[in-house]
Each structure stands twice: as C-alpha cells, then as structure tokens.
Amino acid sequence: MNRTILHLDLDTFFVAVERLLDSRLNGRPILVGGVSDRGVVAACSYESRAFGVHSGMPMKMARNLCPEAVVIKGNAGTYTKQSELVTEIIREGVPLFEKASIDEFYADLSGMDKFFGSYKYASELRKRIINETGLPISFGLSVNKVVSKVATGEAKPNNQLKIGLGLEKPFLAPLSIRKIPMVGDKTYLTLRNLGIKQIKTLQEMPRDMMSTVLGKNGLTIWNRANGVDHTPIIPYSERKSISTERTFDRDTIDVYRLRSILTAMTENLAFQLRRAEKLTACVSVKLRYSDFQTCSKQIKIPYTSADHILIPKVQDLFNQLYNRRLLVRLIGVRFTHLVHGHYQINLFEDTEQSIRLYQALDTIRERYGDRSVIRAASMGVKSIGRMTNPFNGGPPVILAHRKQ
C-alpha cells in the first residue's frame, strides 16, 4: 500500500496568535522575538518579509530594514496553549500523527483513499482548525514527509497542495535547492559553487558524486531531491537531554550573578528530572565570551537528580571554564545520558529529612509553579522556570533566547 503523508504548518504562528489577541495588528508588519538590539527575530509577518526580514535575523538589523514594524517580545505560554488547541483537533481527527514543532505536524492518512479520500479529509481537517482556532494553516499531501513539507511551503500562505503519486520528481525539479530540508547555508554554498541551483540538476547527478562531495549527507540530499524518503511518523519522541541557556542583553563580568543564574538553572532542571522520574549521568556547562569564543566542559557522574549533588558539579565546571576574565555573553547548563529512575539514596550522606525535603519542595512546585520555592542563592534570577513539562513527548517551544 502506498503511503499518504500529510504535513500541516501554521502560517507565521507567533504573529497569527498575536493578531488573535489584538486585531489592530492585522495588516501591519510585525516582529516577534527579543526586543533588545541583542535579540533575535523568532517570527515575522509577511508584511515585514517584504523588507527583507526573516526569522533568525538580529532584531537590530530587522528594525533597520523595517523601522515601522511592531516589535513584540512574545509569550511562550500563550503560544503553547494555542498550539495545544490545534494539537487536540489533529489528535481527534487522525489515527497517527507527529508533532514536529510547536506549529508543525505530520499525519499518516495511508489507506484513507479507499473509504473517504485523503485530500478531501485533509481539507476538512484544515477547515476545522481554521474555524475553531482562528489560525491560518497550510498543508501539503504526498507519499512521504519530505515532499509533503516542500509542498506546504509552496502552498503558503493559508492554502493547500496535493502532489499525486509519481509526480514527486516533476514537482521538485524546478524548485531551488534551498527548498530541500537539510540544505542549510553551508551546504547551499557548496552546491552553488558546483553550479547547482535547481533541484533538477541534483536529480540528474550521479549518487556517487553527491557522496564524494557531501559524504553520507550527500546521499540523503540526493534521495530527497528525487522525492525518496522513508522516514516514519514518530508519535512520541523520548528526550535524550535537557538544557537551558541565557544570552545577556549586556555582557557581564559579575561572577556572583553568573553563579546565581547557574544555580537557578541547575535547580530547575533537577526538578524537571525528578518530576519525570529521570536521572542524569552527565553534566555540562557552556560559556560564551564577549568575543564570541564558546567553550564547554562536561563531567560524568553517578546517576542522580539531586540539587545538592548537581549544583556543586555545575559550579566546579564553571570555575574550570571561566579562566579568561573577559565579559560573558552567554551561559548554559545541560544534562545528558538520561534514564528512567528514582533518586538513589546515599547511605553515608543523605538523611531521611533531606529526602522528605525534596518531596515537599517538589509538591509545592507542582502546585504553584517551578519558581514558587527557590534557593536564596538564586533569588533575583528571572525567566528560568518552564511553561510545560519538557518530558511530555512534545517538541520544545523554540523562541529567540530569553534575555536576562
């Protein structure tokens, strides 16, 4: 049986949500992201794109290109709630789906043509999402995830497109190689230096040549250019790591402040581990100086989720990293090697009182929020708490770096 894969993408999602909240924004150029010059554009309206603005661009540059744009900081909690509304509609409507990001979904409609018609069903699902949420959404329908995703991009804004069986190569051929998922700036430059501009040229190239130029990734790109993709729909994705980082509005050399933020980060991440009954065996700290030199250091430890073990490890790694005495632009903490399990009591160091204390603190945080109870050392640190459980199987909310 031939596969039928549906790709759904909410158009300029953050912008659309802001317009739902304030209709005065309709038709105006909008930038969502970090509001300071150090910030990054997380999303932009089609009106602002006409000025050359795109997501990922420094906010300062975007403001220069489009000075009349309305700049909005954005709210991850609001976007998450709106995304969940769409997710519930899709969950009720399709037997198997994958939430690839906060505004992007895949669904497997294989076999539906025999009973109802996959394109007709996808059209009705799209109409329902628009009617019940007020959010514009586009979709692409084909035999695999890659072609469907490209089709969605061609259908935008707020439209739909079906690529019939056997028409994958003719559909892709005239498009730019930038349209292929996995082709980033570096790969694009490499291919352009070879004189490759359209996907059609890639389709005509020998597979071995792509492998020679780009290695293993070259074969993947060649397959995608020819409309070949066997990637399955993954309804749930187990997280293999958990992390957080902060970029400062102004570079700082305040070591006390840096330590406080690291403590708050570690404390919150440890709580997320315990809430999901997870343990970590590897801790790493990331540091970026004002000259953009980035360094990181990690250490393996016995499996744990306890603050009093993790915080000293993080602080020790920071002491080893921070040796240039320059202004710091960014710091971050990351836990990897995650496994399912409960905190193991250390017979020589832990007491019954300390274990009960963790349980009591976590109960309060579950009820009143991640930052309802904190260490004195992390007081004054903001924007560390999370809006949702990072281990719920869904993708993370991707915004421009929150500013400290």
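Novice: Just give me the short version of the pairing of strand β7 (residues 137-142), but keep the residues and values in it.
Specialist: Among the 6 residues in β7, 6 count as buried, and that is most of the element. Across the two faces of β7 the burial is the same, with I137, F139 and L141 and S138, G140 and S142 all buried. Two strands pair when backbone bridges link them, and strand β1 (residues 5-10) and β7 are joined in this way by 6 bridges, in the antiparallel orientation. Residue pairing across strands places L8 opposite F139, the latter belonging to β7. Regarding the hand of the β-α-β motif, the stretch spanning β7, helix α6 (residues 145-155) and strand β8 (residues 160-162) is left-handed.

Novice: Now, about the packing of helix α8 (residues 185-193) against helix α10 (residues 207-214): what can you tell me, with residues and values included?
Specialist: In contact at an axis separation of 11 Å, α8 and α10 are set at 125 degrees when each is read in the N-to-C sense. In terms of orientation, α8 and α10 fall into the oblique class. As for how α8 packs across α10, the hand of that crossing is right-handed. Here T187, T190 and L191 of α8 lie close against α10, whose contacting residues are M210, V213 and L214. Grouping the amino acids of the contact of α8 with α10 by side-chain chemistry returns 4 nonpolar, 2 polar and no charged.

Novice: Account for the sheet that holds strand β5 (residues 97-101), naming residues and giving values.
Specialist: As summarised here, the arrangement of the 5 strands in space is β5-β6-β1-β7-β8, forming an open sheet in which the pairing is mixed. A strand with exactly one partner marks an edge of an open sheet, and here the two such strands are β5 and β8. Here the strands of the sheet are splayed against their neighbours by 15 degrees on average, with no regard to which way each runs. Sheet contacts for helix α4 (residues 76-93): β1, β5 and β6 (104-108); angle to β5, the most-contacted strand, approximately 160 degrees. Where helix α5 (residues 118-133) meets the sheet, it contacts β1, β7 and β8, and its direction lies at approximately 165 degrees from that of β7.

Novice: Run through the nonpolar core, naming residues and quoting values.
Specialist: If you look at the biggest cluster of nonpolar residues, it comprises 32 residues, and the most contacted ones within it are L6, L8, F13, V32 and I90. It is helix α1 (residues 13-21) that provides the largest number of residues to this core, a total of 5 residues. Setting aside chain neighbours within four positions, we find I90 in contact with L8, F97, F105 and I129. Counting 25 residues, the second largest nonpolar core, distinct from the first, contains V314, L317, Y322 and V328.

Novice: Outline the pairing of β5, supporting the account with residue identities and numerical values.
Specialist: Among the 5 residues of β5, 4 are classified as buried, and the element is accordingly described as predominantly covered. Two elements, β5 and β6, share 4 bridges in a ladder whose sense is antiparallel. Looking at β6, one finds that E98 is bridged to Y106. Hairpin connection from β5 to β6: 2 residues lie between these consecutive antiparallel strands.

Novice: Describe the packing of aromatic side chains, listing the residues and the values that go with them.
Specialist: Taken as a whole, this structure holds 6 aromatic pairs when the rule is applied. When the centroid spacing of 5.9 Å and the interplanar angle of 65 degrees are considered together, the rings of Y119 and F139 count as edge-to-face. Taken as a pair, Y119 in helix α5 and F139 in strand β7 lie far apart in primary sequence, 20 residues in all. Since its relative accessible area comes to 30%, Y119 is described here as partly exposed.

Novice: An account of α1 is requested, with residue identities and associated values reported.
Specialist: Summarising burial for α1: 7 of the 9 residues are buried, a large majority. The complete set of buried residues in α1 reads F13, F14, V15, A16, V17, E18 and R19.

Novice: Give me the pattern of salt bridges: which residues, what numbers.
Specialist: Tallied over the entire structure, the rule returns 15 salt bridges. R19 is the partner of E47 in a salt bridge, and the nearest nitrogen-oxygen pair spans 3.0 Å. Within this pair, whereas E47 is found in helix α2 (residues 46-49), its partner R19 is found in helix α1, the two being separated by 28 residues in sequence. Between R91 and E88 there is a salt bridge, and its shortest N-O distance comes to 2.3 Å. Taken together, the residues R91 and E88, both in helix α4 and 3 residues apart, mark about one turn of the helix. Residues joined in a network through salt bridges with shared partners are D9, D11 and K156.

Novice: Describe a nonpolar patch on the surface, listing the residues and the values that go with them.
Specialist: Together, F51, M61 and L65 give the surface a local cluster of nonpolar side chains, amounting to about 260 Å² of exposed area. Relative to the helices and strands, M61 is located in helix α3 (residues 59-65). On the basis of relative accessible area, M61 is assigned to the partly exposed category, the value being 44%.

Novice: Would you mind going over unusual backbone geometry in detail, with residue names and values included?
Specialist: In this model, K156 is joined to P157 through a cis peptide bond whose omega is 0 degrees. Following the sequence through the fold, P157 ends up in the loop between α6 and β8. Its identity is not glycine, yet E277 carries a phi of approximately 60 degrees, on the positive side. In this fold, E277 is placed in the loop between α12 (255-275) and β10 (278-289). The backbone phi angle of F292 is positive, close to 75 degrees, even though this residue is not glycine. In this structure, F292 sits in the loop between β10 and β11 (294-304).

Novice: Describe in detail the sheet that holds strand β3 (residues 41-44), supporting the description with residues and values.
Specialist: The 3 strands lie next to each other as β3-β2-β4, forming an open sheet whose pairing is mixed. The open sheet is flanked by β3 and β4 (70-72), the only strands paired with a single partner. When strand polarity is set aside, the average angle formed by the axes of neighbouring strands in this sheet is 25 degrees. Sheet topology note: the strand β2 (residues 30-33)/β4 ladder contains 3 bridges and is parallel. Its bridge partner lying in β4, I30 is registered against V70. Set on the sheet, α1 makes contact with β2, β3 and β4; between it and β2 the angle comes to about 110 degrees.

The rules we used
Residues numbered from 1 in each chain as written. Predicted model: local features only at pLDDT ≥ 70, side-chain atom pairs only at ≥ 80, totals over all residues. Heavy atoms only, no water. Buried < 20%, exposed > 50% of the residue type's maximum accessible area, 1.4 Å probe, protein only. Helix = DSSP H or I, 4+ residues; strand = E, 2+ residues; numbered from the N terminus. Pairing = 2+ DSSP bridges. Right-handed = clockwise from strand over helix to strand, strands pointing away. Axes fitted to C-alpha atoms, helices over the stretch in contact; angles between N-to-C directions. Parallel < 35°, antiparallel > 145°, perpendicular 65-115°, else oblique. Left-handed = near helix turned anticlockwise from the far one by under 90°. Contact = heavy atoms within 4.5 Å. Nonpolar A, V, L, I, M, F, W, Y, C, P; charged D, E, K, R; others polar. Core = buried A, V, L, I, M, F, W, Y, C linked by side-chain atoms within 4.5 Å. Phe/Tyr/Trp six-rings, centres within 6.5 Å; stacked < 30°, edge-to-face > 60°. Salt bridge = Lys/Arg side-chain N within 4 Å of Asp/Glu carboxyl O. Patch = residues over 30% accessible without salt bridge, like charges linked within 9 Å, V, L, I, M, F, W, Y side chains within 5 Å. Areas by Shrake-Rupley, 256 points an atom, 1.4 Å probe, with all protein chains shown as cover.

That is the geometry; function is a separate question.
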